[in-house]
Amino acid sequence: MEYTGGCLCGGTRYVLKTAPFALGDCHCIDCRRSAGAPYVTWGSVLRKDLRIKGQLRRVPYAGRIRSFAACCGTHLFFEDTENSEAIDVTIASLDDPAPFAPAKAIFLEDKLPRVALNEAIPSFPKIPQPSK
Ligand SMILES: [Zn+2]
Ligand SMILES: [Zn+2]
């Protein structure tokens, strides 16, 4: 099963070779501002499972890399580093985002008061501590 997505104008397209995992809503200020939206739903894929057709504008910010479609500016990807194993994808840029509901909400400390949380999923002030 493959999952396709892309930017607003269609100039940049991508294919996920596997379903995105670690689905979550991020309410942090950086996501809000970069997307021009109250929060962003992210999913992760392994870098090897992502194919991109089109040009990206890669913006290093706050020690991470955000990628936007060079054609029209749609926010598409987020990486910890240029060679991190996984890369995050904006779920709303998928052609069919409907199956990929968030399983957590993070960075509640930055959440806008008017945004109602889904009480059925866990939420965290920042990010959940990795369980080891
Ligand atoms: Zn575009
Ligand atoms: Zn964020």
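Bear in mind the structure is a predicted one, so any value in this text is a computation, not a measurement.

Undergrad: Before we go on, may I ask you to explain the nonpolar core in this structure?
TA: Within soluble globular proteins, side chains that are nonpolar generally end up buried alongside one another. Ranked by internal contacts, the top residues of the largest apolar core, which has 21 residues, are C26, V40, W42, L76, F77 and V89. Where this core is concerned, the elements lending two or more residues are strand 4 (40-46), strand 7 (64-69), strand 8 (75-79), strand 9 (86-90) and strand 10 (105-106). With residues near it in sequence (within four places) discarded, W42 still touches G24, C26, F78, D88, V89, T90 and I91.

Undergrad: Just checking my understanding: could you explain the pairing of strand 7 for this structure?
TA: Consecutive residues of a regular strand have side chains that alternate between opposite faces of the sheet. Here strand 6 (residues 56-61) runs beside strand 7; their pairing, made up of six bridges, is antiparallel. In the strand pairing of strand 7, R57 is matched with F68. Linking strand 6 back to strand 7 in an antiparallel pair, the connection comprises two residues, with A62 at a positive phi of about 55 degrees. Of the strand pairs in this sheet, strand 7 and strand 8 are connected by four bridges, and their pairing is antiparallel. Across the sheet, the residue bridging to I65 is E79, located in strand 8. Hairpin connection from strand 7 to strand 8: five residues lie between these consecutive antiparallel strands, with G73 at a positive phi of about 90 degrees.

Undergrad: Is there a simple way to explain unusual backbone geometry in this structure?
TA: Backbone phi values are negative for most residues with the exception of glycine, while trans is the configuration of most peptide bonds. Phi is positive for A22, which is not a glycine, with a value near 50 degrees. Counting through the fold element by element, A22 comes out in strand 3 (residues 21-26). Phi at A62 is positive, roughly 55 degrees, even though this residue is not glycine. For A62, the position within the fold is in the loop between strand 6 and strand 7. Residue A62 is classed as exposed on the basis of its C-beta count, with 9 C-beta atoms lying within 10 Å.

Conventions adopted
Residues numbered from 1 in each chain as written. Chains lettered and ligands numbered in written order. Predicted model: local features only at pLDDT ≥ 70, side-chain atom pairs only at ≥ 80, totals over all residues. Core = buried A, V, L, I, M, F, W, Y, C linked by C-beta atoms within 7 Å. Buried ≥ 20, exposed ≤ 12 C-beta atoms within 10 Å, placed from the backbone. Helix = DSSP H or I, 4+ residues; strand = E, 2+ residues; numbered from the N terminus. Contact = placed C-beta atoms within 7 Å. Pairing = 2+ DSSP bridges.

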